[in-house]
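Observations on the three-dimensional arrangement
Each chain, written out:
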Amino acid sequence: MPFFRKNNTNHTSKTKQRGEGYGPPLSNISEAVGNTPMVKISDRLCPEGRTIYAKCEYFNPLSSVKDRLALAIIEDAEKEGKLKAGDTVIEATSGNTGIAVAMMCAQRGYSCVIVMAEPFSVERRKLMRMLGAKVIITPKSGKGSGMVVKAQELAKEHGWFLCRQFETDSNWKFHETTTGPEICNDLKCIGKTLDYWVTGYGTGGTFHGAGKYIKDNSPETKIVLAEPAAANLIDSKIETERNEDGSPASSHPAFGAHPIQGWTPDFIPLVLEKGMKLDLMDEYLAIPDGAAVKTSQNLAKNEGILTGISGGATMWAAIETAKKAPEGSTIVAMLPDTGERYLSTPLFASIAADMNEDELTIARSTPSYILEP
């Protein structure tokens, strides 16, 4: 039976009682995808008189929102007869989709090849290889569009199944039937309405699918879309040139290098473009340089929430939205993944591995086992 528990923010939360158990055992790991929790942000970060909830997608089994995408693509391909036993699956990715696809391939028994551009974190490469995938690295100069071209070439050459995460309708449709309903239903449990929903974009699947559900079921909700100021593709109003299959034909002229891995490739994905044509976006925010990393670090130090750079970017946008929102507003921000796969990135650049002077002082305060530098 659920119980009510008071926490130190004086917010009453309804949860399953510890020890009650998860529920019936799962048949396989794919059944753990979705139904991620929302967590209230304290007044240490949330502006007074407003409420921000973080939709923590790192509760998915491989710790990112892309687990939803991978599950949708693989299951749809199986239903349509495009995948059969012994096949190889290939995709171009900044990492999280690759990790998720590798998970699904391992569970289903498919071979997996992932193509990833050079700048993305080495943790992601190792995680994919741990899951049995082969990882092909493309040069930094080719940007995101370069890895997409390489994946297309390899798929054609070897007859492999290409996921096409940037173009496939399986992407956004899964968010329409899962992510969007989860947000609205969880708020309904506590009698709240959704005033603002804040997200960024990688493929645009979350924005398109969850945004469509939210607008259809809560039309008063304002949707805030964010992107890096250094790569203001949406704000530029310049369309991406496309091949006949919807994939990018060239790099977008407004793209600039930015640290938010998983967000904003050097083209506007077709999935995102289709969502934009539905007029889902009510407000737009550009993330300034440094804001994403700083906010992610603040979430860790003040909330105990360990999310990646993209999560920091979204939360910065949510906090800025809350500052201007009417008193009493409820804001939900998407946190796409965990901070643990950013150890080699700017997110952890200021975090030392060795003891600092304060830590050495503590170590020396008792006589035993002092590791001197």
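Residues numbered from 1 in each chain as written. Predicted model: local features only at pLDDT ≥ 70, side-chain atom pairs only at ≥ 80, totals over all residues. Heavy atoms only, no water.

1. Here's the deal with the sheet that holds strand β6 (residues 111-117)
Here we have four strands laid out as an open sheet, ordered β7-β6-β5-β8, and parallel in their pairing. Both outer strands of the open sheet, β7 (134-138) and β8 (161-162), are each paired with one neighbouring strand and no more. (Pairing = 2+ DSSP bridges. Helix = DSSP H or I, 4+ residues; strand = E, 2+ residues; numbered from the N terminus.)

2. Some thoughts on the side chain of T199
For T199, the position within the fold is in strand β9 (residues 196-199). In contact with T199, not counting residues within four places along its chain, are T206, F207, V224, L225, A226, T314 and M334. (Contact = heavy atoms within 4.5 Å.)

3. Section: the pattern of salt bridges
This model, assessed by the stated rule, comprises 19 salt bridges. Linking R108 and E78 is a salt bridge whose minimum nitrogen-to-oxygen distance equals 3.1 Å. Highlighted residues: R108 in helix α2 (residues 96-108) and E78 in helix α1 (residues 66-79), separated in sequence by 30 residues. Classification of R108 as partly exposed rests on a relative accessible area of 26%. Because the salt bridges share partners, they merge into one network encompassing K55, E57, R68 and E182. (Salt bridge = Lys/Arg side-chain N within 4 Å of Asp/Glu carboxyl O. Buried < 20%, exposed > 50% of the residue type's maximum accessible area, 1.4 Å probe, protein only.)

4. Here we look at the environment of Q107
Of note, Q107 is situated in helix α2. The exposure class of Q107 is partly exposed, given its relative accessible area of 28%. Sequence separation of Q107 and S30 is 77 residues, and the distance between their C-alpha atoms is 7.8 Å. Apart from residues no more than four positions distant in its own chain, Q107 is found in contact with N28, I29 and S30.

All we've got here are geometric facts, nothing functional implied.
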